[in-house]
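Working through the structure, step by step
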Amino acid sequence: MQLPRDALLRAYRQMKTIREFEERLHTEIAKGEIAGFTHLYGGQEAVAVGVCENLTDSDYIVSTHRGHGHCIAKGCDVKGMMLEIYGRRGGLCKGRSGSMHIADVSKGMLGANGIVGAGAPLAVGAGLAAKLDGKGSVSVAFSGDGACNQGTTFEALNMAVVLKLPVIFMFENNHYSEHTGADYAVGSKDVGGRAGAFGMKVLKGNGCDFFESYEILREAVEYCRAGNGPIAVELDTERFFGHFEGDPQRYRGKGELDRIREQRDCLKSFRAKVLEAGLLSEEALNEVDAEVATLIEDSVIEARVAPGPLPEQVLEDVYISY
Amino acid sequence: MAKLTIREVINQTIHAEMERDPNLIMLGEDIVGGAGTAGGQEAIGGIWGTSAGLFDKFGAGRVIDTPISEATIIGTAAGAALAGKRAIAEIMFADFVGVCMDQIYNQVAKFRYMFGGHSTCPIVIRMSYGAGLNAAAQHSQAVYPMFTSIPGIKVVMPTTPADAKGLLTQAIRDDDPVVFLEGKLLYGVSGEVPDGEYLLPFGQARMAREGNDVSIVTCGQMVMFAEAAADAMAKDGISCDVIDIRTTSPMDEEAILDSVENTGRLVVIDESPPRCSLATDIAALVASKAFSSLRAPIELVTAPHSPVPFARELERAYLPNPARIEAAARKTLSYR
């Protein structure tokens with residue numbers, strides 16, 4: 001907890017922005033305002049922010065289908081994202097990505113990804129580019145306990161060790177691969193241990209505690225920047241929403257959602273810790289809450305009325321030249 | 001002009017482009033060979049010899065032997081390209097794309113579109129393809145129709161040493177992802193190659209033979225069979241256009257339609273099986289855009305709807321050949 005006040009406020013603002021973004025989408029999707037499939041990140045904010053607060057625009061991340069949190073944490077424009085999820089012409093990706101493929105390469109955000117397990121090989125490539133450029137940049141592959149069962153993830157873990165690349169394999173264990181429990185689907189029941197078997201260091205911790213997550217990632221990023229090769233991190237976290245919006249979540253235990261929201265909420269624990277330690281005041285935190293509420297409200301109002309893409313744009317950007 | 005084989009041209013072109021662009025890297029299985037062995041590095045230089053000497057000249061940072069992990073070979077090339085590099089990824093046999101198809105068709109092909117035009121992914125995916133070496137069902141396929149159907153990638157298949165130089169140079173410098181298919185039967189083909197810098201634009205067919213009676217349209221390994229059939233018919237006074245498409249995506253529709261408008265007869269030769277193939281694609285193009293020029297039904301000479309077999313007799317039966325092509329051309333001439 002040695003972060004300066006500005007950094008604490010920024011981390012809180014990032015986590016709060018992700019939470020409010022997702023809570024609001026949950027409401028708007030239920031009203032039928034938004035087309036397509038959406039997978040919400042709420043509950044896992046301390047992971048995305050714990051990672052990205054240790055990175056700069058020169059570092060790379062590759063995200064997942066549950067990518068909004070990673071995007072916001074890496075600095076993607078929140079209004080641009082809302083426009084994109086509403087399928088608007090002015091969206092971050094011109095209304096072509098929707099929720100599942102948002103990217104901002106200029107921020108080192110190499111894309112959310114609709115294919116579970118596709119990201120780790122791409123992160124290895126960004127890590128290779130970073131190593132060749134020799135400026136100390138690192139690459140982060142966000143994966144879940146679901147993606148850890150894909151062969152591509154195993155290939156990527158091995159390749160990163162063989163080529164000694166600055167890649168952080170960030171496993172967010174939220175206990176569910178879609179609608180199936182990790183206790184069933186992860187044979188060894190040990191996500192991080194698998195990465196260790198490929199010959200890399202593994203760090204584990206509580207992904208619902210920002211300070212723990214931030215510290216673990218600080219160590220991981222320093223390790224990679226120093227040229228030690230890849231490292232894996234497994235953070236235990238919680239998914240507050242279903243696999244996708246509309247998922248009735250019949251697989252949840254009785255009272256489970258209430259319990260994790262009560263006991264495993266990274267925003268609640270963040271507030272409690274900084275208030276108890278006297279690092280931030282209640283007023284300062286409430287001020288951030290108000291700013292975030294305004295940002296999300298403005299984003300939705302703007303997105304609702306923004307124009308959609310033109311039909312003739314369907315062929316734009318398939319190729320640079322053809 | 002120098003006389004070189006396609007194998008030599010591919011190797012020399014990669015050497016020249018890596019020298020020209022320090023940002024260009026290459027990766028694949030055994031492209032160097034020998035890593036982690038008593039024999040030491042540079043044991044192979046690629047199973048076709050196309051990457052010989054690259055490791056010694058450009059080093060392990062840019063010429064990268066990978067584990068047998070095709071999905072991650074493509075993913076690594078693609079991630080590096082998104083992060084500002086230019087990459088050549090080698091898939092030893094085109095058939096192996098079965099294990100890395102997601103990275104090609106869900107990732108590489110779609111990045112620029114999905115990301116709103118804000119990214120580039122300049123990679124060349126090189127692979128050997130095609131039947132003729134009795135390599136059986138999993139090392140012999142002509143996979144180009146599958147790639148041709150994917151928006152977002154370009155598909156290139158040279159048949160002469162000069163074209164190999166011009167098209168590979170263009171593929172490497174192209175900012176879009178390119179699948180570059182090298183016919184196994186063509187590596188040893190030799191011919192004159194222009195000296196110095198030589199680029200060929202995509203989407204321009206090559207007239208391998210010119211004539212007035214029948215249009216024979218094909219690509220890759222089948223071009224030499226089409227030429228043999230055309231030369232045989234020429235002795236009987238039958239003259240054929242033989243159009244080597246060179247790039248199936250983008251495809252030179254103009255050259256095909258112009259030829260058919262002149263001859264009124266079309267034979268398409270395709271090394272792949274007949275359904276949803278290049279043959280049906282070109283037949284549909286001509287039927288819809290040059291119907292009134294046709295003086296006979298379109299003839300398609302393709303592989304059968306079967307896997308590629310192993311035994312010599314069976315593989316010979318599988319592949320189109322000059323006799324079948326000639327018979328098809330004569331059939332269009334005898335119509336009515």
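All of these numbers come straight from a predicted model, not from anything done at the bench.

**Focus on the packing of helix α9 (residues 253–263) of chain B against helix α10 (residues 278–289) of chain B**
Residues and elements named next belong to chain B. Look at α9 against α10: their axes get within 10 Å of each other, and the N-to-C directions meet at 60 degrees. On the basis of the axis angle, α9 is oblique to α10. Between α9 and α10 lies a crossing of right-handed hand. For the pair α9 and α10, the contacting residues are Glu 253, Ile 256, Leu 257 and Val 260 in the first and Ile 282, Leu 285, Val 286 and Lys 289 in the second. By residue class, the composition of the contact of α9 with α10 is 6 nonpolar, no polar and 2 charged.

**Regarding the pairing of strand β14 (residues 299–302) of chain B**
Inspection of the sheet shows strand β13 (residues 266–270) of chain B paired to β14(B) by 4 bridges, in the parallel sense. Bridge pairing in β14(B) links B:Ile269 to B:Val301.

**Brief notes about the environment of A:Gly242**
By secondary structure assignment, the location of A:Gly242 is in the loop between β7 (231–236) and α10 (256–263). Not counting the four nearest positions on each side in its chain, A:Gly242 is found in contact with A:Asp247 and A:Gln249.

**Comments concerning the interface of chain B and chain A**
On the side of chain A, 36 residues touch chain B, which itself brings 36 residues to the contact. Breaking the side of chain B that touches chain A down by element, the ones donating at least two residues are α3 (70–82), α4 (101–108) and α5 (111–114) of chain B. Per element, the largest residue contribution to the side of chain B that touches chain A is 9 residues, and it comes from α3(B).

**What about the domain arrangement of chain B?**
Residue and element names in this part refer to chain B. Domain parsing of chain B yields domain 1 (2–193) and domain 2 (206–334). For domain 1 and domain 2, the distance between their C-alpha centres works out to 27 Å. Taken residue by residue, the interface counts 24 residues in domain 1 and 23 residues in domain 2. Taken together, the elements giving at least two residues each to the side of domain 1 that touches domain 2 come down to α6 (144–148), β6 (154–156), α7 (161–173) and β7 (178–183). Its residues assigned to classes, the side of domain 1 that touches domain 2 comprises 14 nonpolar, 8 polar and 2 charged.

**A closer look at the sheet that holds strand β1 (residues 60–62) of chain A**
Consider a sheet: its strands pair through backbone hydrogen bonds, and that pairing is either parallel or antiparallel. All names here are of chain A. What the 5 strands build is an open sheet, ordered β1-β2-β3-β7-β6; its pairing is parallel. The outermost strands of the open sheet, each flanked by one partner alone, are β1 and β6 (201–206). Across the sheet, the mean angle from the axis of one strand to that of its neighbour is 20 degrees, orientation sign disregarded. Here β1 pairs with strand β2 (residues 139–144) via 3 bridges, running parallel. Considered in β2, the bridge of Val 62 is made with Ala 141. Contacting β1, β2 and β3 (167–173), helix α5 (residues 119–133) runs over the sheet at an angle of about 170 degrees to β2.

**Re the environment of B:Ala229**
All names here are of chain B. Turning to its location among the elements, Ala 229 is positioned in helix α8 (residues 222–234). Taking the C-alpha atoms as reference, Ala 229 lies 45 Å from Leu 82; in sequence the two are 147 residues apart. The residues touching Ala 229, leaving out its near neighbours within four places in the chain, are Pro 322, Ile 325, Glu 326 and Ala 329.

Quick notes on the rules
- Residues numbered from 1 in each chain as written.
- Chains lettered and ligands numbered in written order.
- Predicted model: local features only at pLDDT ≥ 70, side-chain atom pairs only at ≥ 80, totals over all residues.
- Axes fitted to C-alpha atoms, helices over the stretch in contact; angles between N-to-C directions.
- Helix = DSSP H or I, 4+ residues; strand = E, 2+ residues; numbered from the N terminus.
- Parallel < 35°, antiparallel > 145°, perpendicular 65-115°, else oblique.
- Left-handed = near helix turned anticlockwise from the far one by under 90°.
- Contact = placed C-beta atoms within 7 Å.
- Nonpolar A, V, L, I, M, F, W, Y, C, P; charged D, E, K, R; others polar.
- Pairing = 2+ DSSP bridges.
- Domains from an automatic or database assignment.

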